[in-house]
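# Coordinate analysis (summary)
The chain contents come next:
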Amino acid sequence: MDVGDRTPSQMLREIQRLAGEDVPENIIRRIWLKKLPTFTQQIVQAVSLTTPLTQQADVADKVMSVNNGNISAVSPLPPSTSHSNTSHDTQLDELTKRLDQLEKTHPLCSVANQG
């Protein structure tokens with residue numbers, strides 16, 4: 001059983017239904033977490049274990065809705081030989097151009113859409 005077209009909360013409900021009432025919540029939580037994509041697992045695991053499982057599923061739903069499995073690689077800029085403001089301005093201009101290009105190719109990543 002994988003997430004597939006279901007939301008993490010839908011998958012959780014299916015696992016709970018199949019497990020029945022005799023399986024402890026901590027076991028269901030572990031099974032469910034293993035079925036989530038790694039990135040989503042990491043974020044959900046950052047949520048306190050005292051948080052109800054249904055709330056953790058809501059967090060996973062939100063993560064999956066914004067992530068869609070697309071993780072972009074980020075590479076550092078080459079080290080600057082000069083620490084002048086001109087060098088920083090050039091780096092800032094380059095980052096701005098890259099951000100503009102990213103927003104054009106991935107509209108859901110737009111800084112304006114956050115918040």
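Placed above this text is the structure.
Residues numbered from 1 in each chain as written. Predicted model: local features only at pLDDT ≥ 70, side-chain atom pairs only at ≥ 80, totals over all residues. Heavy atoms only, no water.

## A short note on the packing of helix H1 (residues 8-19) against helix H2 (residues 25-35)
Quick reminder of the rule: A fitted line through C-alpha atoms represents every axis, and for helices the fit uses only the stretch in contact; the resulting angles, taken between N-to-C directions, go from 0 to 180 degrees. Each helix corresponds to a stretch of at least 4 residues labelled H or I by DSSP, and each strand to a stretch of at least 2 residues labelled E; elements are numbered beginning at the N terminus. Relative orientations are named as follows: roughly parallel for angles under 35 degrees, roughly antiparallel for angles over 145 degrees, roughly perpendicular for angles from 65 to 115 degrees, and oblique for any other angle. When the near helix sits turned anticlockwise from the far one by under a right angle, the crossing is termed left-handed; a clockwise turn instead gives a right-handed crossing. Whether two residues are in contact is decided by their heavy atoms: any pair within 4.5 Å suffices.
One can describe the packing of H1 onto H2 by two numbers: an axis separation of 10 Å at closest approach and a directional angle of 140°. Considered as vectors, H1 and H2 are oriented oblique to each other. Remark: the crossing between H1 and H2 carries right-handed chirality. Here H1 contributes Pro-8, Met-11, Leu-12, Ile-15, Gln-16 and Ala-19 to the contact with H2, which in turn contributes Ile-28, Ile-31, Trp-32 and Lys-35.

## Notes on the side chain of Gln-56
As a reminder, the rule being used: Here the term buried applies to any residue with accessible area under 20% of the maximum for its type, exposed to any over 50%, and partly exposed to those in between, with areas from a 1.4 Å probe on protein chains only.
With respect to the helices, strands and loops of the structure, Gln-56 is situated in helix H4 (residues 53-67). Given the relative accessible area of 1%, Gln-56 is considered buried. Beyond its immediate stretch of four places on either side in the chain, Gln-56 contacts Arg-29, Trp-32, Val-44, Val-47, Ser-48, Leu-49 and Thr-51.

## Description of the nonpolar core
Defined as follows: What is meant by a nonpolar core is a set of buried Ala, Val, Leu, Ile, Met, Phe, Trp, Tyr and Cys residues, joined one to another through side-chain atoms within 4.5 Å.
Ranked by size, the top nonpolar core spans eleven residues in total: Met-11, Leu-12, Ile-15, Ile-28, Trp-32, Leu-33, Leu-36, Val-44, Leu-53, Ala-57 and Ala-60. Those elements that provide at least two residues to this core are H1, H2 and H4.

## A look at the side chain of Arg-29
In this structure, Arg-29 sits in helix H2. Beyond its immediate chain neighbours, meaning those up to four positions away, Arg-29 contacts Leu-49, Thr-51, Leu-53 and Gln-56.

## Here's the deal with the packing of H2 against helix H3 (residues 38-46)
Heads up, the rule is: Note on residue categories: nonpolar means Ala, Val, Leu, Ile, Met, Phe, Trp, Tyr, Cys or Pro, charged means Asp, Glu, Lys or Arg, and polar means any other residue, Gly included.
Where H2 meets H3, the closest approach of the two axes is 8 Å, and the angle between their N-to-C directions is 145°. Along the contact surface, H2 presents Trp-32, Leu-33 and Lys-34, while H3 presents Gln-41, Val-44 and Gln-45. Across the contact of H2 with H3, the residue classes break down as three nonpolar, two polar and one charged.

## What about H2?
This is how the line gets drawn: The directions from the helix axis to the C-beta atoms form the arc being described.
Here H2 has its buried residues at Ile-28, Arg-29, Trp-32 and Leu-33. Buried residues along H2 cover an arc of 130° about the axis, so they all sit on one side.

## Examining H1
Since the α-helix turns once every 3.6 residues, residues separated by three or four places project in the same direction. Rule in force here: A helix is expected to span 1.5 Å for every residue after the first.
Taking 1.5 Å per residue as the helical rise, H1 with its twelve residues ought to reach 16 Å, and the 16 Å between its terminal C-alpha atoms agrees with that figure. For H1, the complete set of buried residues consists of Pro-8, Ser-9, Met-11, Leu-12 and Ile-15. Projection of H1 onto a plane perpendicular to its axis shows the buried side chains occupying an angular sector of 155°, all on one side. Facing away from the buried surface of H1 by more than 90 degrees, the exposed residues are Arg-17 and Leu-18. Just downstream of H1, Gly-20 is the residue with a positive phi angle, here 80°.

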